[in-house]
Amino acid sequence: MTHEGSLELSEVVVMRHSLLMEQLRVLRDRSTSIEAFQTAMADASFLLAADAYRDLPLSTAAIETPLCPCEVPALAGPAPALVPILRAGLGLVPGFRRLLPRTVVGHLGIYRSESTLKPVEYFGKLPDGLAERRTFVLDPMLATGGSADAALRHLKAAGARDLELVVLIAAPEGIEALERSHPDVRLRVGVVDEGLDARGFIVPGLGDAGDRQFGTEGA
Ligand code: PRP
């Protein structure tokens, strides 16, 4: 697997979009305000969504332009499902929802224990019909991969089959873990960072995405 360029290998797509790099510069900077952090996260979610939606299935629709009747491509199939992993995943919902408002949204509450780094599930509310929907799991950060693994297991048990995990910053350790445990799940990442520190934080990363979005640092 390579982490360079916009290549697709082993179902891992690394975006490396220049505008996304600029938004990441803002998000990574420890001096960024809570307002600017929210804005940059929402802006990044538009770029991730535009990339994630690029190959949604199309059929044709008959319409009339001001000049003539014609058949044009039109989105097909049931509305995709979005499943943000609470809390930080909420920050990626705006772009995905704005670009495709008929998406249905499920929520999975999962936090990572600071002592064991293992995921702890505390909430789940999913839409119906997951077996027929393309399902995008949203989380800005993929560190060890434990939280994403728990979310994907939960979604598969609920019937989801066409799954894609969308993250903003991934550690190589998390990518490798998911390639082993969920080789059937597509993984779309904005950028791949150096790795994890002793506390399991992504380096250089951006810190705790949930705390920085919601102002709970030190709480
Ligand atoms: C962060 C992040 C991911 C997870 C990544 O959430 O948003 O969900 O950790 O770590 P992992 O890949 O090692 O599981 P956190 O536990 O801080 O919860 P929060 O979103 O409520 O802040």
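Structural data are supplied above this passage.
About the thresholds
- Residues numbered from 1 in each chain as written.
- Predicted model: local features only at pLDDT ≥ 70, side-chain atom pairs only at ≥ 80, totals over all residues.
- Heavy atoms only, no water.
- Salt bridge = Lys/Arg side-chain N within 4 Å of Asp/Glu carboxyl O.
- Helix = DSSP H or I, 4+ residues; strand = E, 2+ residues; numbered from the N terminus.
- Buried < 20%, exposed > 50% of the residue type's maximum accessible area, 1.4 Å probe, protein only.
- Near = heavy atom within 4 Å.
- Polar contact = N/O pair within 3.5 Å; in protein donor to acceptor, adjacent residues only side chain to side chain.
- Nonpolar A, V, L, I, M, F, W, Y, C, P; charged D, E, K, R; others polar.

1. Examining the pattern of salt bridges
Thought 1: Enumeration over the complete set of coordinates arrives at 12 salt bridges.
Thought 2: One salt bridge connects Lys156 with Asp184, and the closest N-O pair in it is separated by 3.0 Å. Residue Lys156 is found in helix α4 (residues 146-157), and its partner Asp184 is found in the loop between α5 (172-181) and β12 (186-192); the two are separated by 28 residues along the sequence.
Thought 3: Ionic pairing is found between Asp162 and Arg186, a salt bridge with its closest N-O pair at 3.0 Å. Of this pair, Asp162 sits in strand β11 (residues 162-170) while Arg186 is found in strand β12, placing the two residues 24 residues apart along the sequence.
Thought 4: Exposure remark for Asp162: the relative accessible area of 26% places this residue in the partly exposed category.
Thought 5: Judged by its relative accessible area of 18%, Arg186 is buried.

2. A word on the site of the ligand
Thought 1: Every one of the 15 residues lining the ligand counts as a neighbour, but Arg87, Arg112, Asp139, Thr144 and Ser147 are closest to it.
Thought 2: Within the contact set of the ligand, an oxygen atom lies 2.9 Å away from a backbone nitrogen or oxygen of Ala143.
Thought 3: At a separation of 2.8 Å, an oxygen atom of the ligand approaches a polar backbone atom of Gly145.
Thought 4: Counting only elements with at least two residues in the shell around the ligand, the list comes to β7 (107-112), β10 (141-142) and α4.
Thought 5: Considered class by class, the residues forming the shell around the ligand number 6 nonpolar, 5 polar and 4 charged.

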